[in-house]
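Read off the chains here:
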Amino acid sequence: MSDSVVIVTGGSRGIGASVSRKLARLGHTVVVNYTANKSAADTVVSEIEAKGGKAVAVQGDVGSESDILNLFKEADQLGRLAGLVNNAGVVDMSQRVDEMSVERLNRIFNINVVGSFLCAREAVKRMSTKHGGKGGGIVNLASAGSKLGSPAQYVDYAASKGAIDTMTVGLALEVADENIRVNAVRPGIIDTELHASGGLPDRVAQLEAKLPMKRAGTADEVADAILWLMSDQSSYTTGAILDVSGGRAILP
Ligand code: NAP
């Protein structure tokens, strides 16, 4: 598998960083995408290299088509693309819908939805047997928010993740006979810096007692599920949305 390249968008921190490290341990060359924090991306790459793996940090905003095209161009230099983890995603400050600006809505949907679609488009162009590729895997990052709606916090984010649920199913069926599997993980409350970026640094501590398992999940626990979906061990699984939420929001 050493010639196989996997792109992890937002691979420099949180869940993406854990996925990047784990994919590298399996022998994949990992493209660690980030948008602002170069030092976090460089740290992940150094950690991977220190363990004998291969990784490259590539700056790029998934909210920009030209950055995405560049990201895939960089990946093309490294070998055959075997997978994409559509992980980059953002939240904004807590607001009601009647307070949200069009700028906020465009940013959330552009990064979380359009960015995931464009990355999937580029991956399918390279991996689909229809386009001369050898196949591969795509894993999208959904969210329990798509079922809960995240009222008075970020309904926009929750709705963007609802779009990811639908995209996962539709794209999975579109490319099912082109040797590409498309799945999603749907995390609950995971202990990463995402919550602080939405202005709620204490969100995990505040919610833990209310969660079914009385604790948040870790980035590693989500990454393990992503790894399974990327691996041949899930060879008959496509269009699946796997709840990795410690029991939060598991009912339809
Ligand atoms: P995180 O800790 O905030 O890390 C976000 C990562 O994405 C960073 O590497 C960041 O890079 C990168 N990123 C942000 N905006 C980007 C952009 N426009 N283009 C490219 N990269 C970008 O997030 P996380 O908690 O690991 O979340 C990862 C995914 O899981 C997201 O899709 C999120 O919605 C989903 N999720 C998380 C939770 C949770 O509780 N944490 C729950 C459900 C779903 P920089 O360092 O350069 O900013």
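Refer to the structure above for everything that follows.
Residue indices begin from 1 for each chain and proceed along its sequence in written order. In view of the model being predicted, local features appear only for residues whose pLDDT reaches at least 70, and side-chain atom pairs are presented and counted only at 80 or more, with totals across whole chains, interfaces and linings using the full set of residues. To obtain the side-chain values, all non-hydrogen atoms of the structure were included, while hydrogens and water were left out.

Visitor: What's the story with the overall build of the protein in this structure? I'm lost.
Guide: Secondary structure elements are defined from DSSP: runs of H or I of at least 4 residues count as helices, runs of E of at least 2 residues count as strands, and each element is numbered from the N terminus. The helix and strand inventory of the protein stands at 9 helices and 7 strands. As a reference, a globule follows 2.2 Å times the number of residues to the power 0.38, and the radius of gyration itself is taken over C-alpha atoms. What you see for the protein is a C-alpha radius of gyration of 17 Å, in line with the 18 Å of a compact globule of 252 residues. Burial analysis of the protein (252 residues in total) assigns 50% to the buried set. Long-range pairs, those at least 24 residues apart, make up 74% of the contacts in the protein between residues at least 6 apart in sequence. For the charge count, each Lys or Arg is scored as positive and each Asp or Glu as negative, with His and the chain ends excluded. Taken as the charge location is NZ of Lys, CZ of Arg, CG of Asp or CD of Glu. Treating the 26 positive side-chain charges of the protein as one cloud and the 28 negative ones as another, the clouds have centres 3 Å apart. Only protein chains enter the accessibility calculation, which uses a 1.4 Å probe; a residue is then buried when its area is under 20% of its type maximum, exposed when over 50%, and partly exposed in between. The contact definition used throughout considers only heavy atoms, calling two residues in contact when any of these lie within 4.5 Å.

Visitor: Just checking my understanding: could you explain the sheet that holds strand β7 (residues 241-244) for this structure?
Guide: Paired through backbone hydrogen bonds, the strands of a sheet run either parallel or antiparallel to each other. Here we have 7 strands laid out as an open sheet, ordered β3-β2-β1-β4-β5-β6-β7, and parallel in their pairing. The open sheet terminates on both sides in strands that have one partner only, identified here as β3 (54-59) and β7. Within the sheet, the average angular offset between the axes of one strand and its neighbour, ignoring direction, is 20 degrees. Helix-sheet contacts for helix α4 (residues 102-127) involve β4 (80-86), β5 (136-141) and β6 (180-187), and the interaxial angle to β4 is about 160 degrees. Here helix α9 (residues 219-230) sits on the sheet and contacts β1 (4-8), β4, β5, β6 and β7; the angle it forms with β6, its principal contact strand, is near 165 degrees. For two strands to be treated as a pair, DSSP must find no fewer than two bridges joining them. Lines are fitted to the C-alpha atoms to define the axes, a helix being fitted only along its stretch in contact, and any angle between axes, read from their N-to-C directions, falls within 0 to 180 degrees.

Visitor: For this particular structure, what's the right way to read the packing of helix α3 (residues 65-76) against α4?
Guide: For any two helices packed against each other, one specifies the inter-axial angle together with the distance between the axes. At a minimum axis distance of 10 Å, the contact between α3 and α4 shows a crossing angle of 35 degrees. Crossing hand, α3 versus α4: right-handed. Between α3 and α4, the contacting residues are E65, I68, L69, F72, K73 and D76 on the first element and G115, L118, C119, R121, E122, A123 and R126 on the second. Only Asp, Glu, Lys and Arg are considered charged in this grouping, and only Ala, Val, Leu, Ile, Met, Phe, Trp, Tyr, Cys and Pro are considered nonpolar; every other residue, Gly among them, is considered polar. Across the contact of α3 with α4, the residue classes tally to 6 nonpolar, 1 polar and 6 charged. Note: crossing handedness is left-handed where the near helix turns anticlockwise from the far helix by less than a right angle, and right-handed where it turns clockwise.

Visitor: What is the right way to look at the packing of α4 against helix α6 (residues 155-174) in this model?
Guide: Relative to each other, α4 and α6 sit at 20 degrees, their axes nearing to 9 Å. It follows from the interaxial angle that α4 and α6 lie roughly parallel. In terms of crossing hand, the pair formed by α4 and α6 is right-handed. For the pair α4 and α6, contact is made by R104, L105, I108, F109, N112, V113, S116, F117, A120 and V124 and by D156, Y157, A159, S160, A163, I164, M167 and L171, respectively. Of the residues assigned to the contact of α4 with α6, the class counts are 13 nonpolar, 3 polar and 2 charged. Each angle is binned into one of four classes, with values under 35 degrees roughly parallel, values over 145 roughly antiparallel, values of 65 to 115 roughly perpendicular, and all other values oblique.

Visitor: What should I look at first to understand the packing of aromatic side chains in this one?
Guide: We describe a pair of aromatic rings using the distance from one ring centre to the other and the angle between the two ring planes. The rule is short: rings of Phe, Tyr and Trp, with Trp giving its six-membered ring, pair when the centres are within 6.5 Å, and they are stacked under 30 degrees, edge-to-face over 60, tilted in between. According to the stated counting rule, one finds 1 aromatic pair in the structure shown. A ring pair is formed by Y154 and Y157, whose centres lie 5.3 Å apart and whose planes are at 70 degrees; its orientation type is edge-to-face. Y154 gets classed as buried once you look at its relative accessible area, which sits at 3%. With relative accessibility at 10%, the residue Y157 sits in the buried group.

Visitor: Could you clarify how one ought to interpret the environment of N70 in this entry?
Guide: Relative to the assigned elements, N70 resides in helix α3. You can call N70 partly exposed: its relative accessible area is 31%. Separated by 12 residues in sequence, N70 and V58 place their C-alpha atoms 8.9 Å apart.

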